[in-house]
Structure formats: C-alpha cells, structure tokens
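Residue strings, one per chain:
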Amino acid sequence: YFVETVHKAVDILEIPESAAGATIMAAGSSMPELMAGLVGYTFKEAEDAGVGTVVGSLIFNSLFIVGASVWVSPAQKIGIDPFALLRDSIFYIASVLCALVAFSTGQASWATSLCLMLLYILYVAVNMKWSSIEFQLRVRFPALGDAAPESVKAKSAQKQLSE
C-alpha cells in the first residue's frame, strides 16, 4: 500500500522521481527510526535508544540492505547511474560529517539542528532540479556518463528527450 500511495502522490503533486525518493519514500522508510528516537529522548529509561537506533539503522541500510539485495539476485544486472551515485554520495558524506560534528559535542543545539535540516532542504532542492543539473553534468562530463550501463543510458536519454 505504501508504494502505491507514493506513486499516486508523485503523480498528483507532479514531483520528480528523485525528489519523491528523497522526501516521501525517505520519510516513510525512516519513520521507525524517528519514532524510536522520539521514544528514546522522551522517556528517560530509554535515553540511549535515540542516537544508537539512528546510527545503527544508517549503517544497516547503507551496507546490509544493499549487499543483501545484490546477493539474492546475482544474475540480475542492476544499473547504477554514475551521476545519481555522485549526487547521493556527496550528500551522504556531508550528512555523515554534519552528524559527527553534531554528536561530537555531546549536546544537541539549535545551530547543529538547523545545519542538519538545511542540508536536507538543499538535498531536496537539488533533487527537484535534478533533471537540468544532470543534463549539464552529462554535457560537461560525457566520459562519466559513458561509464553507465546501457539500460541507465537509455532511460536517461528517454527522460531528457521527453522533458
């Protein structure tokens, strides 16, 4: 039901797929961590549950789910767009660095909270304009685009032509 609801929301709101993944899908898939964090900080008995749950989930999602997905379907080729990988890797590194800075003080502050939220807003804004940014990147760095699997190249070309 969740995936069908997201597809309908994306169609109705006319949100680009990359932005939908960064907003609606991310919010839905991260809801358990958000709730665990809220419970961890609301009830003093579960104080350690917040940060540990968020960081543990981040590591699990980044490593185990991706690895298991490839492992259970070894014959299936998974096309990865180098430009989308570059975009997400840059923001992922920036978000991990911001989280490290935020956690290093041992106290939450409004400034670190604002920094984390602004980084996410920037990520969503980049995803909303991704088609035009990606086009410019493909023009400037054609060799990087040539490294993409054929299925990804065809999908990207078809998307750019339709726009």
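Please refer to the structure higher up on the page.
Rules of the game
- Residues numbered from 1 in each chain as written.
- Predicted model: local features only at pLDDT ≥ 70, side-chain atom pairs only at ≥ 80, totals over all residues.
- Heavy atoms only, no water.
- Axes fitted to C-alpha atoms, helices over the stretch in contact; angles between N-to-C directions.
- Helix = DSSP H or I, 4+ residues; strand = E, 2+ residues; numbered from the N terminus.
- Parallel < 35°, antiparallel > 145°, perpendicular 65-115°, else oblique.
- Left-handed = near helix turned anticlockwise from the far one by under 90°.
- Contact = heavy atoms within 4.5 Å.
- Nonpolar A, V, L, I, M, F, W, Y, C, P; charged D, E, K, R; others polar.
- Buried < 20%, exposed > 50% of the residue type's maximum accessible area, 1.4 Å probe, protein only.
- Polar contact = N/O pair within 3.5 Å; in protein donor to acceptor, adjacent residues only side chain to side chain.
- Core = buried A, V, L, I, M, F, W, Y, C linked by side-chain atoms within 4.5 Å.

Colleague: An account of the packing of helix 4 (residues 82-104) against helix 6 (residues 130-140) is requested, with residue identities and associated values reported.
Modeller: Where helix 4 meets helix 6, the axes come as close as 10 Å, and the angle between the chain directions of the two elements is 115 degrees. Considered as vectors, helix 4 and helix 6 are oriented roughly perpendicular to each other. Every pair of crossing elements has a handedness; the one defined by helix 4 and helix 6 is right-handed. Across from Phe-83, Ala-84 and Arg-87 in helix 4, the residues of helix 6 making contact are Trp-130, Glu-134, Leu-137 and Arg-138. Here the residues of the contact of helix 4 with helix 6 sort into 4 nonpolar, no polar and 3 charged.

Colleague: Give a description of the side chain of Arg-87 that names residues and reports values.
Modeller: As for its position among the elements, Arg-87 is in helix 4. Judged by its relative accessible area of 9%, Arg-87 falls in the buried class. Only 3.2 Å separates the side chain of Arg-87 from the side chain of Asn-127, close enough to count as a polar contact. Residues in contact with Arg-87, not counting those within four places in the same chain, are Ser-18, Tyr-123, Val-126, Asn-127 and Trp-130.

Colleague: How would you explain the nonpolar core if you had to name every residue and give the values?
Modeller: Membership of the largest hydrophobic core is limited to 8 residues, which are Ala-22, Phe-83, Phe-91, Cys-98, Leu-119, Tyr-123, Val-126 and Trp-130. Every element with two or more residues in this core is listed here: helix 4 and helix 5 (110-128). Excluding its chain neighbours within four sequence positions, the residues that come into contact with Tyr-123 are Ala-22, Arg-87, Asp-88 and Phe-91. Residues Val-6, Val-10, Ala-19 and Ala-20 belong to the second largest nonpolar core, which totals 5 residues.

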